[in-house]
Amino acid sequence: MPRSARALGTGGAMRDKGFQVMCVSTQRRFARLVSAFACAGVLISAVACGTASGPTVIADRSPVVIEHGMGSTVFGDVPKRIVALSGSWADSLLALGIQPVGVGTLTGFGPADGKLSWQGDYDAQVVALSLVGAPDYEAIAALDPDLILADYSANTPAVYQKLSEIAPTVAQLKAGDFVSPWRDQVRVLGRVVGLEHRAESLVAETEADIAAVRETFPAAAGKTFAIATVGGPSVGVVGSESDAAATLLGELGLRLDPAVIELGKGRSRLTVSYEQARPALSADVLLVRSSRGEESLEAMIPGWDGLPAVRSGTAVMVDRPLSGAISDPSVLNIDLLLDSIRPALEKLAA
């Protein structure tokens, strides 16, 4: 469904610069959240709010063992006070109709209230996270959780051990990953809270959305893409097809530019100098975030106007919400990603 050509949080004059951007419709995400809370209504009262009589127990429930990058965690009772330290874990909870009691936000980068634009309104305490330090253990402990969903916040054994002393903790589902694949998150959470059928439905619905876009734009198959961040001392680039930021675009038939993969030499993320940025930004489709605004790109990137995606109108200007969704795809924000890339795919098909 076409949306108005307006960038999220940026302004509306980007078409003249070769960008194709759009406002995101919230209809599908809203319907998904409403459905989740309707389907899980009975469970929400116990999981999200708790009861005076003690933990919720599913009849004849066997212990649930979750394997992850730091070992395994066993659940008997259904957790009812859950802290989500990544946006995608919070999204997975909300999509299943469960409100977390606490959400993490990256100091200096994430929203102050921890709530992302596609999540709607809900009540949760904010837990401060840091790129270089540990999460706020005291704030987490004060929430009296019985499950901590950590992802990148538990990226060292020391941090994982400390979190586990507060409550059972699920770290990255695969050791070394910055974030966990959205499908795995939804399915793991469905097992933990006893909503496996709902979890599979969410995965199927989201996969159908992805497939619909891929089938609508078959001309995208085999075309190259690149994802970059501009504004610091160098240009940050996604360098691996297995990176979470690149996976979804691959499912649409696009492929990460081989020139970028060669530059990455196995690294998931890399930086290049502004003088050497052109080879990393010469893909058919370019998603670029500039912390200094779109006007700065011409000044900072030599030959910006001559880049293939800028000339063809398949460059997508990425604002902060979209940047977060690209870095940490989830069952709730994939619609945002699909909506944002659609104008570029339309250009490829023209």
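Look up a bit, the structure's there.
Conventions and cut-offs
Residues numbered from 1 in each chain as written. Predicted model: local features only at pLDDT ≥ 70, side-chain atom pairs only at ≥ 80, totals over all residues. Heavy atoms only, no water. Helix = DSSP H or I, 4+ residues; strand = E, 2+ residues; numbered from the N terminus. Contact = heavy atoms within 4.5 Å. Salt bridge = Lys/Arg side-chain N within 4 Å of Asp/Glu carboxyl O. Buried < 20%, exposed > 50% of the residue type's maximum accessible area, 1.4 Å probe, protein only. Pairing = 2+ DSSP bridges. Axes fitted to C-alpha atoms, helices over the stretch in contact; angles between N-to-C directions.

All right, on to the overall build of the protein then. A tally of regular secondary structure across the protein gives 13 helices and 13 strands. Taking the contacts inside the protein whose residues are at least 6 apart along the sequence as the reference set, 68% of them involve residues at least 24 apart.

The next subject is the pattern of salt bridges. Counted under the stated rule, the structure contains 7 salt bridges. Salt-bridge contacts for Asp-121 lead to Lys-115; the nearest nitrogen and oxygen are separated by 3.2 Å.

Within the secondary structure, Pro-100 is located in the loop between α3 (87-95) and β4 (102-106). Note on Pro-100: relative accessible area 1%, which makes it buried. Considering only alpha carbons, one finds Pro-100 and Pro-145, 45 residues apart in sequence, at a separation of 9.6 Å. Apart from the residues within four sequence positions on either side, Pro-100 is in contact with Ile-82, Leu-93, Leu-94, Tyr-122, Asp-123 and Ala-124.

Moving on: the environment of Leu-254. Along the chain, Leu-254 falls in the loop between α8 (244-251) and β10 (255-256). A residue is classified by how much of its surface remains accessible, and Leu-254, at 5% relative accessible area, is buried. For the pair Leu-254 and Asp-284, spaced 30 residues apart in sequence, the C-alpha separation works out to 9.3 Å. Apart from the residues lying within four places of it in its own chain, the contact partners of Leu-254 are Ala-220, Lys-223, Phe-225, Leu-249, Val-285, Leu-345 and Leu-348.

Moving on, we get to the side chain of Ser-290. With respect to the helices, strands and loops of the structure, Ser-290 is situated in strand β12 (residues 285-290). Judged by its relative accessible area of 6%, Ser-290 falls in the buried class. For Ser-290, the residues in contact, after removing those within four places along its chain, are Val-230, Ser-296, Leu-297, Met-300, Met-317 and Val-318.

Among the 9 residues that make up α3, 9 are buried, leaving the element largely enclosed by the rest of the structure. For α3, the complete set of buried residues consists of Gly-87, Ser-88, Trp-89, Ala-90, Asp-91, Ser-92, Leu-93, Leu-94 and Ala-95. A positive backbone phi angle near 85° is found at Gly-97, which sits one or two residues after α3.

Positive phi values are uncommon outside glycine, yet Asp-144 reaches one of about 50°. Mapped onto the elements, Asp-144 comes out in the loop between α4 (137-142) and β6 (147-151). Positive phi, normally seen in glycine, also occurs at Asp-151, with a value near 55°.

So, on to the sheet that holds β4. Pairing is parallel across the open sheet formed by 5 strands, whose spatial order is β5-β4-β3-β6-β7. What marks the edges here is a single partner per strand, and that holds for β5 (125-129) and β7 (169-171). The mean angle between the axes of side-by-side strands here comes to 20°, regardless of whether they run parallel or antiparallel. The strands touched by α3 within the sheet are β3 (82-84), β4, β6 and β7, with β6 carrying the most contacts at an inclination of about 135°. Of the strands in this sheet, β6 and β7 touch helix α5 (residues 157-166), which is tilted by about 155° from β7.

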